[in-house]
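Here's the letter readout for the chains.
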Amino acid sequence: MKKYINLIKTLKLLTFIGASWCLNSSAQVLTDIQQKFNTYNQNTLQEKLFVHTDKSFYLAGEIIWFKIYDISEAQNKLVDASKVAYVEILDKNNAPILQGKINLENGTGNGSFYIPVSATSGNYKLRAYTNWMKNFSADKYFEKNITIINSQKEITLQTKEPVVADYDVQFFPEGGNLVSGLNSKIAYRAVGADGKGIDFTGAIVNRANDTIVRFKPHKFGIGTFIFKPEATNAYRAVLKVNGKTITKLLPAIAANGFAMQLSDAGTQLKVNISATTNNTGSVYLIAHTRQLITTAKTIDLTNGEGSFLIDKNKLGEGVTHITIFNGDKQPVCERLYFIRPKQKLAIDAAPDKSEYSTRKNVSVSVAAKNIGNTEGANLSMAVYRLDSLETSTPESIYTYIWLTSELKGNIESPEYYLNGTDDEAVDNLLLTHGWSKYNWNEVMQTQPAALKYLPEYDGHIITGKITNPKTTLSVPNNEVVMGVPGRRVQLYNSISDADGNFIFNTKNFIGPNEIVVQPRLEQDTLLKTQILNPFSEQYSSTPVSELVLPKQLYNSLQIHNLGMQVQNTFSGEKLKQQYTPLIDTTSSFNGAQIEYLTDNYTRFTTMEEVMREYIHEVLVSKPGGNFRFRVINQQYYMEKQPELIFDGVPIYNANTIIASDPLKVRKIDVVPAEYHKGKTAEYGLISYSTYKGDMGGVEINPHSLVIDYEGLQLNRDFFSPVYETEKQSASHLPDFRTVLYWAPDIYTDANGKANVNFYTSDQPGKYLGVVQGISASGKAGMQTFSFDVKPMVTP
């Protein structure tokens, strides 16, 4: 009996130890997931860009004006991280028709594109990203649909009714998987060729043509139904749209796996987990909002079932990602939940009148109301003519930050979800546009993943590769130099890495340039350098919708086209004019150079005489018949030849310098000291600058790579005539502007107020003003105003 009692005690103890071990093991798994998630986010700053454009409908020959906001995903505030944004206009085949590198300062920047007259009519995608964002999915890039019409080419107007092929129907199981024998909520989305939701009735039928469930969309062609699939059967959806029948297969049914269902339980969310028989044990839930874990829990499944409860008060505003992991720390289900944000920038914007004549002053008062006294708001404003062409609702930075940027694909009327109370529509949207923001394989790695693209903290980074053309192999640990021919010395050095890649960290590299890239040619003249494409070569999965132009738009197009042509004829130069912004043009040598202005000295006819007679810091010799320079450093001559630069281009042969024409050289700078550029050391420097900055007849080494390379985009000011006097108002120069005003940088004062003024054009009609932006604390908002312009009445 005593032995029996001891046996019972031992079994109880073992059971307790086993249960404790299981609990500790589960807790360790959950902790490990959280730690790796946090570590990943600490090492990978997440940016998101928002682009405010002046409008969405353009004609070839017009200008697209835009402002960029660079926002921290974690805090929804402007972030002063990347100094360059890449903006592109892509056609339906993802081919760029316009590209630009835009300078960012303190989290914002602005630019413009002149649409070439060669552009084809169609819908296009404007996208923006930073170099750092290229490390992640292209679905995180900012994207916006715009329309471009080339009125100089034949335009196809809509003449036919949509056909079945014009409709796109997709199904999305909640949690991501359709699993045999497990009850699932299935979301669906059906859109037309224009990307907008359609109305229809539908049914799910099985292999025997039995109807399993009927459904109808709730809003914007989106809805849900409940369905339990069986792997031994086959299912298809049959939709009736405008008298047409569309048939679509459901997603593949997995024989094993997990399913999740989220439901609202008052102050809590209930997440039910179902699993097939071979998926037992512990499962883990991680809920995170803007890179911050708000809830982490674990449960043991009982008979393949289990539930989590999440306190809503612990979730952050905006989109929360809820991910379920199995015992192997693999994500098996994921879905999104949304809490409407309360923090919003309240903007008041009102013109001083509701109606104006042509060529009259419009004064608009702007006020940011709910910000701190010293906070201020960074705003942008566009004022354009409303007509049948410009019908789209302007996208709001507020909507983008809190909703659109967190979802995938085009979203019809995103403001409906934030401004309304239709929770069912919001949840349906999350189910059809939700996606995993993380590559969990990368997150769960023991060591942080190596990221290919560097953040551009100081300026544009030019990347390239050096190879040996004989072997086609990359060349590691080799110095590469880039020069920019011209009056301003721009010289950059780099050392290639193990794969032959090199980078040049440029600063104030602006406008179109010719660059000369070469390895240290005295080391090897056969090596080949190439410059890589700085623009992203990955693309989102969101297609560009087909252009649909109803016939009734023809008259509006004609009027718009006339106005565009008049503006380009009479004000084209002012519209297209670009200029270089003010930059620091002080010497690249940080004041360490000794400057010789050749006009202050006797003008010798050979460069050898110049170097020997009055460049006292340089010793000229000719060992073995070849010239050689050495720079004196205080009391001694350095052994190696200094770096030689001619109009910004490195020259590695002193004979070339000696052969140059000294009468074309305006200035010679000498740095009589050893100095370091990145990982390279130079034994002094001699720089020659010609009067014209055109190399003065000196030939660039034929082994160098010489290419045109576009730096940061040049500035362009928005052209807006002023009609302050009667003489100006009576000018016979036509003014057919449809965009009256564009201001990318409006800053409110200490009282949160600002005032802007502009003039109406000769184009009567209704005009819409759009003001939007963000405060220092991260409150974002948009406001619109309107007014009418009436033709001037002549007495």
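Note: the structure precedes this text.
Thresholds, definitions, all that
- Residues numbered from 1 in each chain as written.
- Predicted model: local features only at pLDDT ≥ 70, side-chain atom pairs only at ≥ 80, totals over all residues.
- Heavy atoms only, no water.
- Core = buried A, V, L, I, M, F, W, Y, C linked by side-chain atoms within 4.5 Å.
- Buried < 20%, exposed > 50% of the residue type's maximum accessible area, 1.4 Å probe, protein only.
- Contact = heavy atoms within 4.5 Å.
- Helix = DSSP H or I, 4+ residues; strand = E, 2+ residues; numbered from the N terminus.
- Arc of directions from axis to C-beta.
- Polar contact = N/O pair within 3.5 Å; in protein donor to acceptor, adjacent residues only side chain to side chain.
- Phe/Tyr/Trp six-rings, centres within 6.5 Å; stacked < 30°, edge-to-face > 60°.
- Pairing = 2+ DSSP bridges.
- Axes fitted to C-alpha atoms, helices over the stretch in contact; angles between N-to-C directions.

Grouped together as the largest cluster of nonpolar side chains are 56 residues, with contacts concentrated most on Ile-64, Ile-68, Ile-89 and Tyr-417. Setting aside anything within four residues of it in sequence, one finds Tyr-417 in contact with Phe-220, Ile-222, Arg-340, Leu-403, Ile-411, Glu-412, Ala-425, Val-426 and Leu-429. Met-611, Val-618, Phe-629 and Ile-651 belong to the second largest nonpolar core, which has 27 residues in total.

With that settled, consider helix α7 (residues 607–614). Regarding α7, the residues found buried are Met-607, Val-610, Met-611 and Tyr-614. Seen along its axis, α7 keeps its buried residues to an arc of 115°; they face one direction.

Our next topic: the side chain of Arg-127. You can see Arg-127 is positioned in strand β7 (residues 122–129). The exposure class of Arg-127 is buried, given its relative accessible area of 0%. In this structure the side chain of Arg-127 is engaged in a polar contact, spanning 3.0 Å, whose partner is the backbone oxygen of Ser-536. Setting aside chain neighbours within four positions, we find Arg-127 in contact with Tyr-86, Val-87, Glu-88, Leu-90, Tyr-141, Phe-142, Glu-143, Ser-536, Gln-538 and Tyr-539.

With that settled, consider the environment of Gly-773. Structurally, Gly-773 can be placed in strand β45 (residues 765–775). With a relative accessible area of 0%, Gly-773 lands in the buried category. Spatially, the C-alpha atoms of Gly-773 and Gly-486 are 39 Å apart, while their sequence positions differ by 287 residues. Excluding its chain neighbours within four sequence positions, the residues that come into contact with Gly-773 are Tyr-69, Leu-345, Ile-347, Asn-378, Leu-379, Ile-397, Lys-779, Ala-780 and Gly-781.

Moving on to the packing of aromatic side chains. Tallied over the entire structure, the rule returns 40 aromatic pairs. An angle of 70° between the planes, with centres 5.9 Å apart, marks the rings of Tyr-40 and Tyr-438 as edge-to-face. With a gap of 398 residues between them, Tyr-40 in helix α1 (residues 2–43) and Tyr-438 in the loop between α4 (423–433) and α5 (440–443) connect regions that are remote in the sequence. Exposure class is identical for Tyr-40 and Tyr-438. Each is buried.

Across the sheet, three strands lie side by side as β16-β17-β20; this open sheet has antiparallel pairing. Pairing within the sheet leaves two strands with one partner each, and these edge strands are β16 (258–265) and β20 (305–311). Adjacent strand axes in the sheet meet at a mean angle of 20° when their direction is disregarded. Two elements, β16 and strand β17 (residues 268–275), share eight bridges in a ladder whose sense is antiparallel.

Two elements, strand β35 (residues 618–621) and strand β36 (residues 628–633), share four bridges in a ladder whose sense is antiparallel. Residue Ser-621 lies in a different strand from β36, and its bridge partner there is Arg-628. Between β35 and β36, which pair antiparallel and follow one another directly, the connecting turn spans six residues, one of which, Gly-624, has a positive phi of 65°. Across two bridges, β36 lies against strand β37 (residues 636–637) in antiparallel orientation. Considered in β37, the bridge of Ile-632 is made with Tyr-637.

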